[in-house]
Amino acid sequence: MLLISFYLLILTENYLAGKRFAKETETIRLQEYYMLCSAKQAEAMMGEGLLPASGIMNYELGDVAFQKQSISGSVEEVTFNLKLDSGEKALGIGQYDKVTGAMVRWKEKN
């Protein structure tokens with residue numbers, strides 16, 4: 001009986017560990033998706049000259065606040081602060097080259 005209880009305990013622990021891992025993976029993917037969408041949206045708006053100096057991009061499960069600043073005559077930097085409704089946070093920094101009209105550098109911190 002003790003052996004069966006031990007076996008069931010191991011199975012339960014493996015199941016719970018798998019559920020935790022799946023949830024963490026889902027959160028990481030959601031963070032990456034929101035950061036990618038925000039960077040693409042900012043890049044498109046910068047190409048048209050419509051990105052304000054700061055603002056918020058709202059998503060279903062979180063928000064991305066951004067701030068734009070000029071680094072040089074041809075490069076602008078946009079800082080993205082992601083906050084999911086579940087409490088997770090992430091920071092991304094993109095550099096936009098006005099000459100090429102694209103984000104040329106990306107750094108992300110979790």
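Going by the structure above, here's the rest.
What you see is a predicted model, and the numbers here were worked out from it, not measured in a lab. (Residues numbered from 1 in each chain as written. Predicted model: local features only at pLDDT ≥ 70, side-chain atom pairs only at ≥ 80, totals over all residues. Heavy atoms only, no water.)

**Q** What's the story with the packing of aromatic side chains in this structure? I'm lost.
**A** Any two aromatic rings considered together are summarised by their centre-to-centre distance and by the angle between their planes. Summed over all chains, the structure comprises 3 aromatic pairs. Judged by centre distance (6.1 Å) and plane angle (45°), the rings of Tyr33 and Tyr34 are tilted. Take Tyr34: its relative accessible area is 5%, and that puts it in the buried class. Members of the aromatic cluster, connected to one another through ring pairs, are Tyr33, Tyr34 and Tyr59. (Phe/Tyr/Trp six-rings, centres within 6.5 Å; stacked < 30°, edge-to-face > 60°. Buried < 20%, exposed > 50% of the residue type's maximum accessible area, 1.4 Å probe, protein only.)

**Q** Sorry if this is basic, but what is going on with helix H1 (residues 2-47) here?
**A** Every α-helix carries 3.6 residues per turn, so stepping three or four residues along brings you back to the same face. The terminal C-alpha atoms of H1 lie 67 Å apart, and with 46 residues this matches the ideal 68 Å at 1.5 Å per residue to within 8%. For H1, the full list of buried residues reads Thr27, Gln31, Tyr34, Met35, Ser38, Ala39, Ala42, Glu43 and Met46. For H1, the elements touching its buried residues are strand S1 (54-59), strand S2 (62-70), strand S3 (75-84), strand S4 (89-97) and strand S5 (102-109). Backbone geometry just downstream of H1 places Gly49 in the positive-phi region, at approximately 75°. (Helix = DSSP H or I, 4+ residues; strand = E, 2+ residues; numbered from the N terminus. Expected span 1.5 Å × (residues − 1). Contact = heavy atoms within 4.5 Å.)

**Q** Would you mind showing me how to read the pairing of S3 here?
**A** Sheet faces and side chains relate simply in a regular strand, where the side chains alternate between the two faces. Of all 10 residues in S3, 8 are buried, a share of seventy percent or more. Relative to S3, S2 is paired through 9 bridges, and the arrangement is antiparallel. Across the sheet, residue Asp63 finds its bridge partner in S3, namely Lys83. Note that S3 and S4 share 9 bridges and pair antiparallel. Counted as the bridge partner of Thr79 is Ile93 from S4. (Pairing = 2+ DSSP bridges.)

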